[in-house]
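Tertiary structure, described
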2 protein chains.
Amino acid sequence: MPVNISPLSSEQLLPVRGIALGTAEAGIKRIGRKDLLVIKLVENTQVAGVFTQNRFCAAPVTVAKLHLAEPLPICALVINTGNANAGTGQSGIAHAHATCSALAELIGCQAQQILPFSTGVIMEPLPVEKIIAGLPKAVADLSPDNWFAAAQAIMTTDTVPKGVSRQIQLNGATITITGIAKGSGMIRPNMATMLGYIATDAAITHPLLNDLVHHAADQSFNRITVDGDTSTNDALILMATGQAKHNPITTSADPGFAALQAAITEVAVLLAQMIVRDGEGATKFITVQVENGKTEEECKKVAYAIAHSPLIKTACFASDPNLGRILAAIGYAGIEALDVTRLELYLGDVLVAEHGGRAASYREEEGQRIMQAPEITIRVKLNRGNATTTLWTCDLSYDYVKINADYRS
Amino acid sequence: MPVNISPLSSEQLLPVRGIALGTAEAGIKRIGRKDLLVIKLVENTQVAGVFTQNRFCAAPVTVAKLHLAEPLPICALVINTGNANAGTGQSGIAHAHATCSALAELIGCQAQQILPFSTGVIMEPLPVEKIIAGLPKAVADLSPDNWFAAAQAIMTTDTVPKGVSRQIQLNGATITITGIAKGSGMIRPNMATMLGYIATDAAITHPLLNDLVHHAADQSFNRITVDGDTSTNDALILMATGQAKHNPITTSADPGFAALQAAITEVAVLLAQMIVRDGEGATKFITVQVENGKTEEECKKVAYAIAHSPLIKTACFASDPNLGRILAAIGYAGIEALDVTRLELYLGDVLVAEHGGRAASYREEEGQRIMQAPEITIRVKLNRGNATTTLWTCDLSYDYVKINADYRS
């Protein structure tokens, strides 16, 4: 059961002028499951993306990066689930190209104008014939109103579809931002999540859009972790169709840029948090906040040490304020010359440790109360500087083991 | 159930001349569980140790390091389970000192000649009165034949006691090496294990003994991981009583030094492997071997990425050759300019991946056969240098979650 995600409905995901989506059952996954998505972009849509840093990056990631670097505008995206086309060598690359060519022919553009994406099991050959056979159905289904179906079509071990919309006023026009994402396991994005797609009808130049996607990824998908495993297929794509009637944003000094950045970042953060809330086996949503470090780097080290500790994650699952495990993680995070007698540890708003040990004011009942809630905040004040970081993770439950011990079967 | 540990019996652990051990039930743990151990050393015993690098190192670790640095020889060690005396601030230090003073008075030496150790729950006050009250009983129990009882007395979530003995011929004398260890969770030692004690009656100078303990720790306890959590209390102590009748080893050029080093390292490796075999919830013993890297450092990065991946560990639990997860871990290990098309991945002796994808010769049945065994070797050839590393870990099972969600209750 995902933690505090209100069920998504079709009406919540607003169409974005210039974007049409179509899904199909290509038969990669079991019968009755949509597993193919095409996103078609109006002419002159700007597209920017960030991709996994995993060295075993998937074939579609390699091809998508290549096509984004080409001067031709992007016309469409194609996404399949059920197979990651990763660890598939040269034939994987050929399959990704073949998928692009097939879609290009259907919609009338060059293969380089298509971005391919895959997600699912790694190191098994992509069933490219099924994908190519399914494409006409997905293209026939294209409509601006299909965001909800699109969010469903990209699910793997996700238990709920994930999406969010926002509208803001920008330079005199109402602009819409809609995003969808998927991901539940193998989640410790390093540049982006498994798969995230955010579209807006704002008009903005490509360099600024590129800044936006990096900023949004850094504030959202790069701050979540489920199991510390960075996927081979992570990608976050930001599309701006320019269909809203406003003066295009051409400089970051335009006040509209900050407004757009804030709205897009909010959408990205909500999507990223949904991934954690629906993390494999998750029963708790955990915010780890590390404050007053010397650098953001060292705050992140402490935050990830806490967020990746199986001992802390199982204690959260058990609603057990086993605080010593948090101190131990802070201690092994690798912070140079850390004075443990100066730091403070809070659970929610309760001070639990200071002066190198349990706070005199701490009462076990207080810790218990906080650990029993579905949302837990672990806050560490290092008290040696002004840097801060926040990240989000989930607990480690029986179901995490069950899901991952069963995944391929 | 521990993986392939044959049950230890009292006869297997040989006495070491000059070492006496005594245990007691001090009432820190539940009734009927030994939780206090005293190890008394004959005069002129050389003692060397390595300790956790965790910055939240426990009070007894701080005190033991202090006492080892003093010029006075060490007379005895005192170890309690049930409470780690870590994250306990200044009062923790005072409790460790009080324990040393009490034992010193009983056996007639200075408090600085005692090394204290604790293991158990973190950040709860040490019940020092119970320990002090239990010490006379442990001292009355002192005998050279108590190694097995000692191995039992230091257990926490361990399901079996862990110990091993070896005898070798050294410069014309038979010398004995006996070691015991404990540890099952919070295991990713960084210098040593939770607690390991190895004694020998060999005669050797202190600087050489110090070399030996570092070498042995590096080859054994520093190469195991259960959950990636480095404990606050790790310590490995090596004691040499000099009671064997041979010319003392005073130079590393003495052929006896190499022989002793090999034997002590073997004991340390066997103890470290026992900790993994009895890792919390372990059903598989996994050897991760990374070969032909540029440096040992990069081999270790790859090996730990594999050994800490919950996805790989759950796949091992399920006996599922989900090889893509191993490729993904290699890919995110952070190796500069790694060419994934050049590396090879083996499961046992079966080549499973090469040229960036699944090996043409690989058959799923072969992978299945290897994953079903209780001992699995994952071998990665990076093919870019001559460095190599090996480490040992276990799988991630339902029982790991159960044990750690229940630990304090």
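Quick summary incoming for the structure in this document. None of the values given here were measured: they were computed from a predicted structure.

**Focus on the overall build of chain A**
Broken down by element type, chain A carries eleven helices and 16 strands. Its C-alpha atoms give chain A a radius of gyration of 22 Å, within 12% of the compact-globule value 22 Å for 409 residues. Considering only C-alpha atoms, chain A reaches an extent of 70 × 55 × 40 Å along its principal axes. The burial tally for chain A puts 59% of its 409 residues in the buried class.

**Let's talk about the sheet that holds strand β6 (residues 162-170) of chain A**
All names here are of chain A. Here we have five strands laid out as an open sheet, ordered β3-β10-β8-β7-β6, and mixed in their pairing. The open sheet has two edge strands with one neighbour each: β3 (46-51) and β6. Within the sheet, the average angular offset between the axes of one strand and its neighbour, ignoring direction, is 15 degrees. Where strand β8 (residues 195-200) lies against strand β10 (residues 235-240), six bridges are found, and the strand directions are parallel. Counterpart to I198 in the pairing with β10 is L238.

**Considering the interface of chain B and chain A**
Opposite the 56 residues of chain B that make contact, chain A presents 55 residues. Breaking the side of chain B that touches chain A down by element, the ones donating at least two residues are α2 (89-107), α8 (310-317), α9 (323-332), β14 (357-358) and α11 (398-406) of chain B. Classifying every residue of the side of chain B that touches chain A by side-chain character gives 26 nonpolar, 22 polar and eight charged.

**Notes on the packing of helix α1 (residues 59-69) of chain B against α2 of chain B**
Residue and element names in this part refer to chain B. In contact at an axis separation of 8 Å, α1 and α2 are set at 55 degrees when each is read in the N-to-C sense. Accordingly, the angle class assigned to the pair α1 and α2 is oblique. Relative to α2, α1 is oriented so that their crossing is right-handed. Along the contact surface, α1 presents A59, P60, T62 and V63, while α2 presents G92, I93, H95, A96, H97 and C100.

**Concerning unusual backbone geometry**
Peptide bonds are, in most cases, trans, and in most cases residues other than glycine have a negative phi. Residues and elements named next belong to chain B. The phi dihedral of S319 falls on the positive side, at around 55 degrees, and the residue is not glycine. Position of S319 among the secondary structure elements: in the loop between α8 and α9. Classification of S319 by C-beta neighbours within 10 Å gives partly exposed; the count is 19. Phi angles above zero are rare outside glycine, and N383 is one such case at about 55 degrees. Its place among the elements puts N383 in the loop between β15 (375-381) and β16 (387-394).

**Let's talk about the pairing of strand β12 (residues 344-347) of chain B**
Residues and elements named next belong to chain B. Side chains L345 and L347 of β12 all project onto a buried face; the interleaved residues E344 and Y346 project onto a face where none is buried. With four bridges joining them, β12 and β15 adopt antiparallel strand pairing. Opposite L345, over in β15, you have V380 as the bridge partner. Pairing of β12 with strand β13 (residues 350-354), which is carried by three bridges, proceeds in the antiparallel orientation. When the sheet's bridge partners are listed, L347 is paired in β13 with V350.

**As for the packing of helix α7 (residues 296-308) of chain A against helix α9 (residues 323-331) of chain A**
Residues and elements named next belong to chain A. In contact at an axis separation of 8 Å, α7 and α9 are set at 135 degrees when each is read in the N-to-C sense. Between α7 and α9, the interaxial angle falls into the category oblique. Crossing handedness for the pair α7 and α9: right-handed. Residues V302, A305 and I306 of α7 pack against I326, A329 and I330 of α9. Split by residue class, the contact of α7 with α9 holds six nonpolar, no polar and no charged.

Calculation notes
Residues numbered from 1 in each chain as written. Chains lettered and ligands numbered in written order. Predicted model: local features only at pLDDT ≥ 70, side-chain atom pairs only at ≥ 80, totals over all residues. Helix = DSSP H or I, 4+ residues; strand = E, 2+ residues; numbered from the N terminus. Rg over C-alpha atoms; globule rule 2.2 N^0.38 Å. Buried ≥ 20, exposed ≤ 12 C-beta atoms within 10 Å, placed from the backbone. Pairing = 2+ DSSP bridges. Axes fitted to C-alpha atoms, helices over the stretch in contact; angles between N-to-C directions. Contact = placed C-beta atoms within 7 Å. Nonpolar A, V, L, I, M, F, W, Y, C, P; charged D, E, K, R; others polar. Parallel < 35°, antiparallel > 145°, perpendicular 65-115°, else oblique. Left-handed = near helix turned anticlockwise from the far one by under 90°.

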